[in-house]
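Breakdown of the fold
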Amino acid sequence: MTKLAQWLWGLALLGSTWAALTMGALGLELPASCREVLWPLPAYLLVAAGCYALGTVGYRVATFHDCEDAARELQSQIQEARADLTRRGMRF
Amino acid sequence: MASKEASRTSPRSRREPEGRTARQDKYSVLLPTYNERENLPLIVWLLVKSFSESGINYEIIIIDDGSPDGTRDVAEQLEKIYGSDKILLRPREKKLGLGTAYIHGMKHATGNYIIIMDADLSHHPKFIPEFIRKQKEGNFDIVSGTRYKGNGGVYGWDLKRKIISRGANFITQVLLRPGASDLTGSFRLYRKEVLQKLIEKCVSKGYVFQMEMIVRARQLNYTIGEVPISFVDRVYGESKLGGNEIVSFLKGLLTLFATT
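Residues numbered from 1 in each chain as written. Chains lettered and ligands numbered in written order. Predicted model: local features only at pLDDT ≥ 70, side-chain atom pairs only at ≥ 80, totals over all residues. Heavy atoms only, no water.

Under an unreviewed UniProt entry, chain B has the name Dolichol-phosphate mannosyltransferase subunit 1 and belongs to Camelus dromedarius. According to the UniProt record, the Subcellular location (unreviewed entry) comment for chain B reads "Endoplasmic reticulum". The UniProt entry for chain B carries the following comment under Subunit (unreviewed entry): "Component of the dolichol-phosphate mannose (DPM) synthase complex." (UniProt positions renumbered as here; feature names shortened; annotations may be inferred.)

As annotated in an unreviewed UniProt entry, chain A carries the name Dolichol-phosphate mannosyltransferase subunit 3 and is attributed to Vicugna pacos. Heading Subcellular location (unreviewed entry) of the UniProt record for chain A holds this comment: "Endoplasmic reticulum membrane".

1. Section: helix 10 (residues 243-259) of chain B
An ideal rise of 1.5 Å per residue puts 24 Å on 17 residues; helix 10 of chain B measures up with 24 Å between its terminal C-alpha atoms. Taken residue by residue, helix 10 of chain B has B:Phe249, B:Gly252, B:Leu253, B:Leu256 and B:Phe257 as its buried positions. The buried residues of helix 10 of chain B occupy an angular sector of 140 degrees when the element is viewed end-on, so they sit on one face. For helix 10 of chain B, exposure combined with an orientation more than 90 degrees from the buried face picks out B:Asn244 and B:Lys251. Against the buried residues of helix 10 of chain B lie helix 1 (3-23) of chain A together with helix 7 (159-176) and helix 9 (206-219) of chain B. (Helix = DSSP H or I, 4+ residues; strand = E, 2+ residues; numbered from the N terminus. Expected span 1.5 Å × (residues − 1). Buried < 20%, exposed > 50% of the residue type's maximum accessible area, 1.4 Å probe, protein only. Arc of directions from axis to C-beta. Contact = heavy atoms within 4.5 Å.)

2. Describing the pairing of strand 8 (residues 224-228) of chain B
Residue and element names in this part refer to chain B. Most of strand 8 sits out of view: four of its five residues are buried. By the bridge criterion, five bridges tie strand 5 (residues 142-146) to strand 8 in an arrangement that is parallel. Looking across to strand 8, one finds that Val 143 is bridged to Gly 225. (Pairing = 2+ DSSP bridges.)

3. Here we look at the packing of helix 7 of chain B against helix 10 of chain B
Residue and element names in this part refer to chain B. One can describe the packing of helix 7 onto helix 10 by two numbers: an axis separation of 10 Å at closest approach and a directional angle of 10 degrees. When the axes of helix 7 and helix 10 are compared, the pair comes out roughly parallel. Where helix 7 crosses over helix 10, the handedness of that crossing is right-handed. Residues Ile 164, Ala 168, Ile 171, Thr 172, Leu 175 and Leu 176 of helix 7 form the contact with helix 10, whose participating residues are Ile 246, Phe 249, Leu 253, Leu 254, Leu 256 and Phe 257. Among the residues forming the contact of helix 7 with helix 10, the class breakdown is eleven nonpolar, one polar and no charged. (Axes fitted to C-alpha atoms, helices over the stretch in contact; angles between N-to-C directions. Parallel < 35°, antiparallel > 145°, perpendicular 65-115°, else oblique. Left-handed = near helix turned anticlockwise from the far one by under 90°. Nonpolar A, V, L, I, M, F, W, Y, C, P; charged D, E, K, R; others polar.)

4. Here's the deal with unusual backbone geometry
Residues and elements named next belong to chain B. Its identity is not glycine, yet Leu 121 carries a phi of approximately 70 degrees, on the positive side. You can call Leu 121 buried: its relative accessible area is 2%. Backbone geometry places Asn 139, a non-glycine residue, at a positive phi of 50 degrees. Within the secondary structure layout, Asn 139 lies in the loop between helix 6 (128-138) and strand 5.

5. Considerations on the UniProt feature "domain: Glycosyltransferase 2-like" (unreviewed entry) in chain B
The sites that carry the UniProt feature "domain: Glycosyltransferase 2-like" (unreviewed entry) are, in the present numbering, residues 28-198 of chain B. From the first C-alpha to the last, residues 28-198 of chain B spans 17 Å; its make-up is 43% helix and 19% strand.

6. Details of the UniProt feature "transmembrane region" (unreviewed entry) in chain A
Here, UniProt's "transmembrane region" (unreviewed entry) annotation points to residues 43-62 of chain A. With 100% helix and 0% strand, the stretch residues 43-62 of chain A has end C-alpha atoms that lie 28 Å from each other.

7. Thoughts on a nonpolar patch on the surface
Where nonpolar side chains cluster on the molecular surface, the patch consists of A:Val37, A:Leu41, A:Tyr44 and A:Leu45 and spans about 390 Å² of accessible area. Among the elements that line the nonpolar patch, the one with the most residues is helix 3 (residues 41-62) of chain A, at three residues. (Patch = residues over 30% accessible without salt bridge, like charges linked within 9 Å, V, L, I, M, F, W, Y side chains within 5 Å. Areas by Shrake-Rupley, 256 points an atom, 1.4 Å probe, with all protein chains shown as cover. Salt bridge = Lys/Arg side-chain N within 4 Å of Asp/Glu carboxyl O.)

8. A word on the interface of chain A and chain B
On the side of chain B, 42 residues touch chain A, which itself brings 34 residues to the contact. Together, the buried faces of chain A and chain B total about 3,400 Å²; carbon and sulfur atoms form 66% of this surface. Of all residues in chain A, A:Lys3, A:Phe64 and A:Leu74 bury the most surface against chain B, accounting for 20% of the area lost on that side. At the boundary of chain A with chain B, the tally comes to two salt bridges. Where A:Glu73 meets B:Lys126, a salt bridge forms, and the shortest distance between an N and an O atom there is 2.7 Å. Summed over the shared surface of chain A and chain B, the result is twelve residue pairs in polar contact (both at pLDDT 80 or more). When residues of the side of chain A that touches chain B are traced back to their parent elements, those giving at least two are helix 1, helix 3 and helix 4 (68-87) of chain A. Residue composition of the side of chain A that touches chain B, grouped by class: 17 nonpolar, seven polar and ten charged. (Buried area = accessible area lost by both parts, 1.4 Å probe. Polar contact = N/O pair within 3.5 Å; in protein donor to acceptor, adjacent residues only side chain to side chain.)

9. Quick word on the domain arrangement of chain A
Residues and elements named next belong to chain A. Domain boundaries assigned for chain A yield domain 1 (1-29) and domain 2 (31-91). Inter-centroid distance (C-alpha atoms) of domain 1 to domain 2 is 34 Å. Between domain 1 and domain 2, the contact holds seven residues from the first and six residues from the second. Carbon and sulfur atoms supply 66% of the area that domain 1 and domain 2 bury against each other, a total of about 510 Å² over both sides. Scanning the region where domain 1 abuts domain 2 turns up zero salt bridges. Where domain 1 meets domain 2, there are one residue pair in polar contact (both at pLDDT 80 or more). Split by residue class, the side of domain 1 that touches domain 2 holds four nonpolar, two polar and one charged. (Domains from an automatic or database assignment.)

Below, the structure is given as structure tokens:
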């Protein structure tokens, strides 16, 4: 099953469960407080997912490691390489 | 007789602490190049240094796509300096794709492991012995360098670039759940037969090609290990990441999402 198919199945399952419960289609008499929460749940979840996404990406950008020493090391190795290669007959 | 055996076995075990199988492994580095006249000697020097210091059996296959800047001339000088058993020149007439460059290179590779990397010094060969160690540790089919985990990282990226990178990676992780943290990275070690199999199956180009390799590897149940690497970007100033690139990345990502 492709990832798209997995997502569609998952959404269809959750969506139909939510619809069935909020419409009372299964003949379930849920207390009013439950229904009050259930009805806007998809919207809440969407907003929560959006916040999670922004928070995660923000955190990862903030903690993105900057390799200063790698750049410095590379620079000095480039000098070393050029010197060594010239010694061995390289014409740059 | 006992003393003869002792003198026969102890020098051998001192000389080959890792056993004979380690000696039989050979690592072929595929370096597709286009206009890398400046960087090619440096990357080859660093490769030779890393491999020699670790006593690893290697060869470097340079696949130049008819570079107009004289990369071929520089490659020939390197072949003279280091020997044609270590530096293999396998050029092509004009700029063809990366996938075909790998196929072309592998035809001439005598190693049982293939290392792919960029020739512009953004990938440092010092990580290759770590890739090899990781591969042996977990008997992995693929070892991928990651900029996003451990003490992996980048140099030379501004805030905008970092945001795009992390954002794209987040979307990719959510949609594809690939089991590897850095999908667009191209610094990897593959078992030769694994790379051959994957290239056969992959259809995309550019960044998405590298992503597709990992996704298909997952489908075929290949094991993937990761090693944190540092990515030193010296060419970013030449704006490699335009709107077009982002659009084609998203198109490729959605295609993979819908087809794998």
